[in-house]
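Geometric and topological summary
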Amino acid sequence: MDRLTVLDLRKKKAEHAPIVMITAYDYTMARLVDAAGADMILVGDSLGMVVQGHSDTLPVTLDEMVYHTRCVSRGVQKAHLVADMPFLSYQVNPEQALLSAGRLIQQGFAQSVKLEGGARTAPAIEKIVAAGIPVVGHVGLTPQSVHAMGGFRVQGRTEDAAEQVIQDAIAVAEAGAFCVVLEGMPSVVAAAITARLDVPTIGIGAGPSCDGQVLVCNDILGLDQSFKPKFVKRYADMHAAAVDAFSRYAEEVRGHTFPSAEHEFGMDLAPVKLARLY
Ligand code: KIV
């Protein structure tokens, strides 16, 4: 196994080579994303919404993140594996943050952890980094603060708000984050942050100037017809493909055309002995 390291990712920024990050929540999806050549796979707490069906990420627990990260890790050969720190697993104090991050590394087999928030998360980032665990920051629209933000709203739209987001990104990088996710902000704000930071920025709803981009795997595949925000581009219509496949299977079961001879197993018994089975 030869996964990308933090050094490889830093080098990409220096070489202006865009970083591709995609989420995955299980072994099968991890294998697909890895085979596609993603540089980073994120086990995002977005799994609370796309896997568990919650309306936000707040109910996701650390145990659940460890479980999904472990599943994903078995399917990753090449990409750098990042695990999200869920709500309330790092906000209490830096010691709690380190213990939570440690579980994602030790039990989930992640190579780094991601946590949301700006300047206020600096002490937690410093503590985790000091223990030898690489950290990805996440500023701008931070979904775990959905109630404080009054919804999933783009951040940094006024001059003051933009300055706040920029200062948050700088604080996170100065605390030791090796990479910063910029979510839901005007492209010009993300471009300013990307120019000011030495570490790579990974955008989602943050325009084209970031050093890399991240999207949720389900959104790329078009698995949910009802979810199509402005920042998402669908590269497939897997909803239609999946419903079609399941419907044809159901039709064939009901029409007695599946399973057919090619899917059956025979026995090595002579017909006369076989008759005794009935
Ligand atoms: O949870 C997640 O999937 C994320 C990405 C959208 C950046 O944090």
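Just above, that's the structure.
Residues numbered from 1 in each chain as written. Predicted model: local features only at pLDDT ≥ 70, side-chain atom pairs only at ≥ 80, totals over all residues. Heavy atoms only, no water.

1. Some details on unusual backbone geometry
- The omega torsion across F258 and P259 is -5 degrees, close enough to zero to call that bond cis.
- Along the chain, P259 falls in the loop between helix 11 (238-254) and helix 12 (271-275).
- Of note, H16 is a non-glycine position whose phi angle comes to about 55 degrees, a positive value.
- If you trace the backbone, H16 turns up in the loop between helix 1 (6-14) and strand 1 (19-23).
- Judged by relative accessible area, H16 falls into the exposed class, the value being 73%. (Helix = DSSP H or I, 4+ residues; strand = E, 2+ residues; numbered from the N terminus. Buried < 20%, exposed > 50% of the residue type's maximum accessible area, 1.4 Å probe, protein only.)

2. Considerations on the pairing of strand 6 (residues 179-183)
- Among the five residues of strand 6, five are classified as buried, and the element is accordingly described as predominantly covered.
- Here strand 6 shows a buried face lined by C179, V181 and E183 and a second buried face lined by V180 and L182.
- Inspection of the sheet shows strand 6 paired to strand 7 (residues 201-204) by four bridges, in the parallel sense. Looking at the pairing, E183 lines up with I204 of strand 7.
- Crossover strand 6 to strand 7 through helix 9 (residues 187-196) is right-handed. (Pairing = 2+ DSSP bridges. Right-handed = clockwise from strand over helix to strand, strands pointing away.)

3. Section: the pattern of salt bridges
- Tallying each qualifying case throughout the model produces six salt bridges.
- With a closest N to O distance of 3.6 Å, K12 and D39 form a salt bridge. One end of the pair, K12, is in helix 1; the other, D39, is in the loop between helix 2 (27-35) and strand 2 (40-43), and 27 residues separate them in sequence. Across the pair, exposure class does not vary: K12 and D39 are buried alike. (Salt bridge = Lys/Arg side-chain N within 4 Å of Asp/Glu carboxyl O.)

4. Some details on the sheet that holds strand 1
- Within the closed barrel, the eight strands sit side by side as 1-2-3-4-5-6-7-8. Their pairing is parallel. Across this sheet, the average inter-strand angle for adjacent strands is 25 degrees, counted without regard to direction.
- Across the sheet, helix 8 (residues 159-174) is in contact with strand 5 (135-140) and strand 6; its angle to strand 5 comes to roughly 170 degrees. (Axes fitted to C-alpha atoms, helices over the stretch in contact; angles between N-to-C directions. Contact = heavy atoms within 4.5 Å.)

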